[in-house]
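Each chain, written out:
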Amino acid sequence: LSSKAVVVMALLAIQFGIQPILTEKFISDKIVKSTVILTQEVVKMIFAVIGISRGSAGWGKMKAGWTVLSWLQLSLLPANIYLVQNMCNLLAYQNLSATTYNVLNQTKTLSAALCCYLLMRKKQSPMQILAICLLLVSALVTERMLPIMDIVSPSYWANDDDIGAGHVERSNGRTMLSPR
């Protein structure tokens, strides 16, 4: 891996760890939703302007061939989709625990990969498939849909003379087959 890739992955890991803490601290139920969404969009716009200004193409090449009609045709639908996404994100911030929201928000990579495959017929590399599977497993473990902590705990395997007996027990409201 290049040093740039390592830095980007480290920054993503830091964001992933800090976001739930910041969300719980600064997003309350009494917040004005339109203000949060407007602030998000202004920050995105600032980063976009900085990116275009510092990019190799610059503003001259960006504006070449653009009209108001072409701008509306190309950007109106995505802009409205992002607006709905921001509103859904804000509702999720307010109604889910920060960790649950963060993990579920990261699973959008799964849907993007699936859409790339289904709509564009673009296959993933073995490394990408492994990464997608790890992402799915981490989301399932975090949401306690995959009881991995029960399986790796020493008490789970303490009485191994009953292995294969097929006892059924309840854990977190779910019925599962136990080797105990």
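The preceding data block contains the structure.
Let me sum up the structure you'll find in this document. Since this is a predicted model, take the numbers as computed values, not measurements. Every chain begins its residue count from 1, and numbering advances along the sequence as written. For this predicted model, a pLDDT threshold of at least 70 governs which residues receive local features, and a threshold of 80 or more governs which side-chain atom pairs are given and counted, while totals over whole chains, interfaces and linings are taken from all residues. Note that the side-chain values use all heavy atoms of the structure and ignore hydrogens as well as water.

**A look at the overall build of the protein chain**
Stated formally: Each helix corresponds to a stretch of at least 4 residues labelled H or I by DSSP, and each strand to a stretch of at least 2 residues labelled E; elements are numbered beginning at the N terminus. Burial classes follow relative accessibility: with a 1.4 Å probe on protein chains only, a residue under 20% of its type's maximum area counts as buried, one over 50% as exposed, and anything between as partly exposed. It only takes one pair of heavy atoms within 4.5 Å for two residues to be counted as in contact. Methods summary: accessible areas were calculated by the Shrake-Rupley approach with a probe of 1.4 Å, and residue burial reflects only the protein chains presented.
Helix and strand content of the protein chain: eight helices and two strands. Residues classed as buried in the protein chain amount to 17% of the 180 residues present. Of all intrachain contacts in the protein chain linking residues separated by at least 6 positions in sequence, the fraction that spans at least 24 positions is 52%. When the accessible area of the protein chain is evaluated, it comes to approximately 13700 Å², of which 70% is carbon and sulfur surface.

**Some points on the side chain of asparagine 86**
Using the following cut-off: We call two N or O atoms a polar contact when they sit within 3.5 Å, provided that within protein one can donate a hydrogen and the other can accept it, with sequence-adjacent residues counted only if both atoms are side-chain atoms.
Within the secondary structure layout, asparagine 86 lies in helix H4 (residues 68-95). Among the polar contacts made by the side chain of asparagine 86, one reaches the side chain of lysine 44 at a distance of 3.5 Å. Residues contacting asparagine 86, with those up to four places away along its chain left out, are Ile37, Gln40, Glu41 and Lys44.

**Topic: unusual backbone geometry**
Most peptide bonds are trans, and most residues other than glycine sit at a negative phi. If you check the backbone angles, arginine 121 has positive phi at about 60° while not being a glycine. Topologically, arginine 121 is positioned in the loop between helix H6 (108-120) and helix H7 (126-142). Given a relative accessible area of 61%, arginine 121 falls into the exposed group.

**Structural notes on the pattern of salt bridges**
Cut-off, in case you're wondering: Note on definitions: salt bridges are taken to be side-chain nitrogens of Lys or Arg within 4 Å of carboxyl oxygens of Asp or Glu.
Here the structure, examined in full by the defined rule, presents one salt bridge. The partner of lysine 44 in a salt bridge is glutamate 41, with the nearest N and O atoms 3.3 Å apart. Separated by three residues within a single helix, lysine 44 and glutamate 41 lie in helix H2 (residues 33-54), roughly one turn from each other. Under the relative-accessibility criterion, lysine 44 is labelled partly exposed at 39%. For glutamate 41, a relative accessible area of 31% puts it in the partly exposed group.

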